[in-house]
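Observations on chain architecture
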Amino acid sequence: RAVLKTLYEFLGYADGAAPQALRLDPNCDPAPGTDCILFGTTSIGGVGHGVVYKLEPTRRPPWTQTVLYTFQGGRADGDNPIGDLLIDPNDGTMYGATAYGGTNDPGPPAAGTVFQLAAGGQEKLLRSFESHPYGVIFDADGHKLIGTTQIGGSGGSSGGSGEGTLYRLTPAAEGSWPLSILYNFCSLPSCADGQRPTAPPTLHPNGTIYGTTQLGGTGFKGTVFSFNGRREKVLYNFSGGTDGGSPFAALVVGKDDSLFGMASHGGDLTNCTGGCGVVFELAPPHFRYRVIHTFHGIAGGANSRGSGPGNGSQLAVGTDGVLYGTTPRGGLDNGIGGNGVVFSLTPDPTHPGRWLPQVLHKFAADGSEGSAPGSLVVDTAHNDTLYGTTLQSRFGGTVWKLTQ
């Protein structure tokens, strides 16, 4: 039986509030019985604009939290960290994004930045954007950064500001990070190529970049796309029906190099307005799309297996290809749709292609364990121990641990 333990509850002041990204120390001690140091971000708190923090294990909770950097919210350093957090295992340097702040010097304040945080706590703004970058990944060479912006670029029109980009930042000798736009979304009529990506892209072992857009496509409910360095290709157009719609979460690479993701809508259209969401797979070599799990979301009932995986919900890949994830709603009946669940999907050894769902934890209906779980990481070196966050609690959200 899985057991959840709250490691830390944010007070909502100097220590931050509304936790976003969560990452394991890439150099965690694999010895049995040890816990990993955790790193993360909060979107608010500090002086009101968010923090980057470290959480160190103690014998009993709460774990020791250290704020590594407090965002000031101005032109120099960004405001409201959002999306994923990237850690270089070689030197501990972190890279992330903020939804606001920054500057298009000498122009007006920008809406979002990509930042670098050295292991010693020195923050550097690498780039300001027109709107909402969503975290970064390393390019295949391990030095360049690849990311998406929700709007901006030259494709289509959103108040004249475009419908999103795929971009690259390249470190230069003088310390700058020149920007290259790899693709402008909504470059095709009716945004058939996708519109408004809301998650970082994913680098596949085959060298191709894959990602999702929340909107656009021929079904107008989002897409899964690939980018091979020269052109963008839509692999799947969501319809918003039983196939799902509006994917917010990033894709993950699973066993046998399949891609897995979640769509926040579609699927079960009976129990949720617009659908409860789905988990999907695209398997190589042709990356054809199929739904492997449909959420039902009836809080308190036999089908209270979660619903509505949205922005912040995440999949993680464990031992033997097991998938773990969270949904911000569903679970125990609290009168407003439930406080969320942690779930797993295990490959069925007797029926290839079938997945066995299991709800590992339903967050307490009274809110004592927090609500709206989001970020999730799995420690495969320690029996697939899970660590995650809740966006809300009595004060400012929580970080939790789930042992199996």
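Data block above holds the structure.
Described below are features of the structure shown in this document. Keep in mind that this is a model prediction, so the values were computed, not measured. (Residues numbered from 1 in each chain as written. Predicted model: local features only at pLDDT ≥ 70, side-chain atom pairs only at ≥ 80, totals over all residues. Heavy atoms only, no water.)

Attention shifts here to the sheet that holds strand S15 (residues 209-213). The antiparallel open sheet is built from 4 strands, whose spatial order is S14-S15-S16-S17. Each of the sheet's edge strands pairs with one partner strand only, and the pair in question is strand S14 (202-203) and strand S17 (232-237). (Pairing = 2+ DSSP bridges. Helix = DSSP H or I, 4+ residues; strand = E, 2+ residues; numbered from the N terminus.)

Below, the discussion takes up the sheet that holds strand S18 (residues 252-253). Paired through their backbone hydrogen bonds, the strands of a sheet run either parallel or antiparallel. Strand order in the open sheet made by the 4 strands is S18-S19-S20-S21, with antiparallel pairing throughout. Every interior strand has two partners, whereas the edge strands, S18 and strand S21 (288-294), have only one. Direction of pairing for S18 relative to strand S19 (residues 259-263): antiparallel, over a ladder of 2 bridges. Looking at S19, one finds that valine 253 is bridged to leucine 259.

Moving on, we come to the environment of threonine 64. Following the sequence through the fold, threonine 64 ends up in strand S5 (residues 64-70). For the pair formed by threonine 64 and glycine 135, sequence separation is 71 residues and the distance between their alpha carbons is 26 Å. When residues no more than four places from it in sequence are discounted, the contact partners of threonine 64 are Lys54, Leu55, Glu56 and Thr58. (Contact = heavy atoms within 4.5 Å.)

Moving on: the pairing of strand S8 (residues 113-117). Most of S8 is tucked away, with 5 of its 5 residues classed as buried. Here S8 shows no split at all, with Thr113, Phe115 and Leu117 on one side and Val114 and Gln116 on the other all buried. Bridge count between S8 and strand S9 (residues 123-128): 5 bridges; the pairing is antiparallel. The residue bridging valine 114 from the neighbouring strand is arginine 127, located in S9. Following S8, the chain reverses through 5 residues before pairing antiparallel with S9; glycine 121 in that reversal takes a positive phi of roughly 100°. (Buried < 20%, exposed > 50% of the residue type's maximum accessible area, 1.4 Å probe, protein only.)

On to the state of the cysteines, then. Under the counting rule described, the total for this entry stands at 3 disulfides. The connectivity of the disulfides in the protein is 1-2, 3-4, 5-6, where the numbers refer to bonded cysteines in sequence order. (Disulfide = S-S within 2.5 Å.)

What follows covers the environment of tyrosine 183. In this fold, tyrosine 183 is placed in strand S13 (residues 179-184). Through-space distance from the C-alpha of tyrosine 183 to that of arginine 329 is 34 Å; in sequence the pair is 146 residues apart. Side chain to side chain, tyrosine 183 and aspartate 193 meet in a polar contact 2.4 Å long. (Polar contact = N/O pair within 3.5 Å; in protein donor to acceptor, adjacent residues only side chain to side chain.)

A large share of strand S7 (residues 94-100) lies buried, amounting to 6 of its 7 residues. Relative to S7, strand S6 (residues 79-87) runs antiparallel, the two being bridged by 5 bridges. For isoleucine 87, the partnering residue across the bridge sits in S7 and is methionine 94. Where S6 folds back on S7, the antiparallel hairpin that results is connected by 6 residues, among which glycine 92 adopts a positive phi of roughly 80°. Two elements, S7 and S8, share 5 bridges in a ladder whose sense is antiparallel. Its bridge partner being in S8, tyrosine 95 is matched across the sheet by glutamine 116.

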